[in-house]
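# Structure at a glance
Next come the chains, spelled out residue by residue.
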Amino acid sequence: MNPPLLVEVDHDTVTAQLDRVVPWLVATRTLQSAYRKILEDTADEVGEPHIRAWLHEIAEPARRHEEAVADLHRAFGHQPETGTGAAAAPAVAAALGTLRELVGEAQGVVAGARGRAWRHMRMLLLSNLDAISGFAVAEQLALALGRPAVVDITCPIVADKTRHQLLIRECFLEMASNAILYRRDV
């Protein structure tokens, strides 16, 4: 596939710019993987049945979004990463997810919240925001490089993840008074 024609940009420059996108795509997958891990862990911890059900509902789209990063690689004209960086990405995502959970625990304890699930909901909010940003940046790179196929992939993902962010926020807020005022998990 030929790179798109951009005014006053030579082939070598476009190729170099497309190559610079690859590390961002690896980062995007890592952010999304970390979010998915925290989501799955948190969904299993929540005792409130309707909140647990909502979190489990958004877990499947989270897995699809993670897998869509391979499509982004192809839309940018690259094969999905299979080298050392790609092999390390799941371990990095798991470590990042675990680290975020620990940070959430520490921050929640300092703030006086006594609900482990609620503290994880807070980290879930932040983690999804990072993952949204990963896909949104990929979309901006695509616009700068004239890659409409990338936008076709990222736009629905960013919209889904933004809706999920609102749901997570509502769950987080619903659980807040129990965690802070009554010092109990929900």
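Residues numbered from 1 in each chain as written. Predicted model: local features only at pLDDT ≥ 70, side-chain atom pairs only at ≥ 80, totals over all residues. Heavy atoms only, no water.

## Focus: the overall build of the protein chain
When helices and strands are counted, the protein chain shows five helices and zero strands. In sequence order, the secondary structure elements of the protein chain are arranged as α-α-α-α-α. Residues counted as buried form 45% of the 186 residues belonging to the protein chain. As displayed, the protein chain has an accessible area near 9400 Å², and 60% of this comes from carbon and sulfur atoms. (Helix = DSSP H or I, 4+ residues; strand = E, 2+ residues; numbered from the N terminus. Buried < 20%, exposed > 50% of the residue type's maximum accessible area, 1.4 Å probe, protein only. Areas by Shrake-Rupley, 256 points an atom, 1.4 Å probe, with all protein chains shown as cover.)

## A word on a nonpolar patch on the surface
Taken together, the side chains of Ile180, Leu181 and Tyr182 present a nonpolar region at the surface, about 340 Å² in accessible area. Structurally, the position occupied by Tyr182 is in the segment after helix 5 (148–180). (Patch = residues over 30% accessible without salt bridge, like charges linked within 9 Å, V, L, I, M, F, W, Y side chains within 5 Å. Salt bridge = Lys/Arg side-chain N within 4 Å of Asp/Glu carboxyl O.)

## Some words on the environment of Ile168
Looking at where Ile168 falls in the secondary structure, it is placed in helix 5. Separated by 117 residues in sequence, Ile168 and Ile51 have C-alpha atoms that sit 8.9 Å apart. Excluding residues that lie within four positions of it along the chain, Ile168 makes contacts with Tyr35, Leu55, Ile58, Met121, Leu124, Leu125 and Asn128. (Contact = heavy atoms within 4.5 Å.)

## Notes on the packing of aromatic side chains
For the structure on display, the rule yields one aromatic pair. Measuring from ring centre to ring centre gives 4.8 Å for Trp118 and Phe172, while their planes differ by 10°; the resulting arrangement is stacked. Of this pair, Trp118 sits in helix 4 (residues 116–145) while Phe172 sits in helix 5, placing them 54 residues apart in sequence. The same class applies to Trp118 as to Phe172, namely buried. (Phe/Tyr/Trp six-rings, centres within 6.5 Å; stacked < 30°, edge-to-face > 60°.)

## Notes on helix 5
Counted at 1.5 Å a residue, the expected span for helix 5 with its 33 residues is 48 Å, and the 46 Å between its end C-alpha atoms agrees. The largest bend along helix 5 measures about 30° and falls at Glu174. (Expected span 1.5 Å × (residues − 1). Bend = angle between axes of the 7 residues up to and from the residue.)

## Description of the side chain of His164
Here His164 shows up in helix 5. Ignoring sequence-local partners within four residues, the contact set of His164 consists of Tyr35, Ile58, Pro61, His65 and Asn128.

## Some points on the environment of Gly146
Mapped onto the secondary structure, Gly146 falls in the loop between helix 4 and helix 5. Under the relative-accessibility criterion, Gly146 is labelled partly exposed at 31%. Along the primary structure Gly146 and Phe76 are separated by 70 residues, whereas in three dimensions their C-alpha atoms are 9.6 Å apart.

## Structural notes on the confidence of the model for the protein chain
Mean pLDDT over the protein chain: 86, with 78% of residues reaching 70 or higher. Element-level pLDDT for the protein chain is lowest in helix 3 (residues 84–110), with a mean of 65, against a maximum mean of 97 in helix 2 (residues 49–75). (pLDDT = per-residue confidence, 0-100.)

## Remarks on the packing of helix 2 against helix 4
Angle between the axes and distance between the axes: these two values describe a pair of packed helices. Interhelical geometry of helix 2 versus helix 4 gives an angle of 30° and a closest axis separation of 12 Å. By the criterion of interaxial angle, the relationship of helix 2 to helix 4 is roughly parallel. Every pair of crossing elements has a handedness; the one defined by helix 2 and helix 4 is left-handed. Judged by residue contacts, Leu55, His65, Val69 and Leu72 of helix 2 engage Met121, Leu124, Phe135 and Ala138 from helix 4. (Axes fitted to C-alpha atoms, helices over the stretch in contact; angles between N-to-C directions. Parallel < 35°, antiparallel > 145°, perpendicular 65-115°, else oblique. Left-handed = near helix turned anticlockwise from the far one by under 90°.)

## Structural notes on the packing of helix 1 (residues 11–45) against helix 4
Between helix 1 and helix 4, the shortest axis-to-axis distance is 8 Å and the interhelical angle comes to 160°. When the axis of helix 1 is compared with that of helix 4, the two are roughly antiparallel. Judged by the sense of rotation from one axis to the other, the crossing of helix 1 with helix 4 is left-handed. Residues of the contact of helix 1 with helix 4, tallied by class, amount to 18 nonpolar, nine polar and three charged. (Nonpolar A, V, L, I, M, F, W, Y, C, P; charged D, E, K, R; others polar.)

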